[in-house]
Amino acid sequence: MKILLVEDNEAIIMGLQYLLEQEGYICQAARRRREAERMVSEELPDLMLLDIGLPDGDGYQLCQTLRQQYTFPVIFLTAREEEEDVVRAFDLGADDYIIKPFRNRELISRIKNVLRRGGKDREVLQCGNITLDAESGKVRISGEEVALTKLEYKILSSMMAYPGKLFTRDEILSDIWDISGNFVNDNTLSVTIKRLREKLGDTEGKTIKTVRGMGYRMESQ
């Protein structure tokens, strides 16, 4: 699990990175709002810990911007304890609000709780008119079920779990090789993507977008 910590206090960054890595998480830190936005665009985290006061803006603005495109959990981690601050954070889509100073074990427990809730929410994935039910393995386009091969389903489910994330061709090839039990070459991947687009009614590549020379990205809308 990858956690992005958005915080400008070096002492807090060092302490939290050590704590989270001891718990088995990968923790990266962004010290400014724009740095956080760049890091999210490059690789989606599984969860964000977000301070309100940042050198180039505030956590509220960042949360509001991210919620327009992404669904990963956001926990505010801040010294502000006024009721209006808490309410504003939740109104903007925060999943939890923790006040500094915090107790380490409580923080870890609440992170795990938010991630568990996020996992339940992801049992049914949706991007635009595409719905994927992970429990039944069914994919529907505007309510109509579509039959996919095992490889097509694997690629689609991976992308829909992280809309907006760039999946390199090497990452996809490695993933589908495991599930097929056979070697899958680059040409097979291109053909599979083409057929998947056709089944999704995405012949122009607007839903599964090609990032030239790199890979593919599932558009969130």
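Residues numbered from 1 in each chain as written. Predicted model: local features only at pLDDT ≥ 70, side-chain atom pairs only at ≥ 80, totals over all residues. Heavy atoms only, no water.

1. What about the sheet that holds strand β12 (residues 166-168)?
- As summarised here, the arrangement of the three strands in space is β12-β14-β13, forming an open sheet in which the pairing is antiparallel. In this open sheet, the two edge strands, each paired with only one partner strand, are β12 and β13 (208-211). Strand-to-strand twist of the sheet, defined as the mean angle between neighbouring strand axes without regard to direction, takes the value 30°.
- Here β13 pairs with strand β14 (residues 215-218) via four bridges, running antiparallel. From the neighbouring strand, V211 faces β14, where its bridge partner is G215.
- Packing against the sheet, helix α6 (residues 150-161) makes contact with β12, β13 and β14, and its axis sits at approximately 60° to β14.
- On the sheet, helix α8 (residues 186-200) packs against β13 and β14 and is oriented at approximately 145° with respect to β13. (Pairing = 2+ DSSP bridges. Helix = DSSP H or I, 4+ residues; strand = E, 2+ residues; numbered from the N terminus. Axes fitted to C-alpha atoms, helices over the stretch in contact; angles between N-to-C directions. Contact = heavy atoms within 4.5 Å.)

2. Brief notes about the nonpolar core
- Of all hydrophobic cores here, the largest spans 23 residues; its most connected members are V6, V40, M48, L50, F72 and F76.
- Mapped by element, the contributors of at least two residues to this core are β1 (2-6), α2 (33-42), β3 (47-50), α3 (59-67) and β6 (74-78).
- For this core, the element with the highest residue contribution is α3, accounting for four residues.
- The residues contacting V40, other than those within four sequence positions of it, are L4, P45, M48, L66, Y70 and F72. (Core = buried A, V, L, I, M, F, W, Y, C linked by side-chain atoms within 4.5 Å. Buried < 20%, exposed > 50% of the residue type's maximum accessible area, 1.4 Å probe, protein only.)

3. Considering the sheet that holds strand β9 (residues 130-133)
- One open sheet holds the four strands; their spatial order is β8-β9-β10-β11, and the pairing between them is antiparallel. Because the sheet does not close on itself, it has two edges, and the strands there are β8 (124-127) and β11 (144-146). Neighbour to neighbour, the strand axes of the sheet diverge by 25° on average, direction disregarded.
- Bridge analysis of strand β10 (residues 138-141) against β11 gives three bridges, and the strand direction is antiparallel. When the sheet's bridge partners are listed, I141 is paired in β11 with E144.

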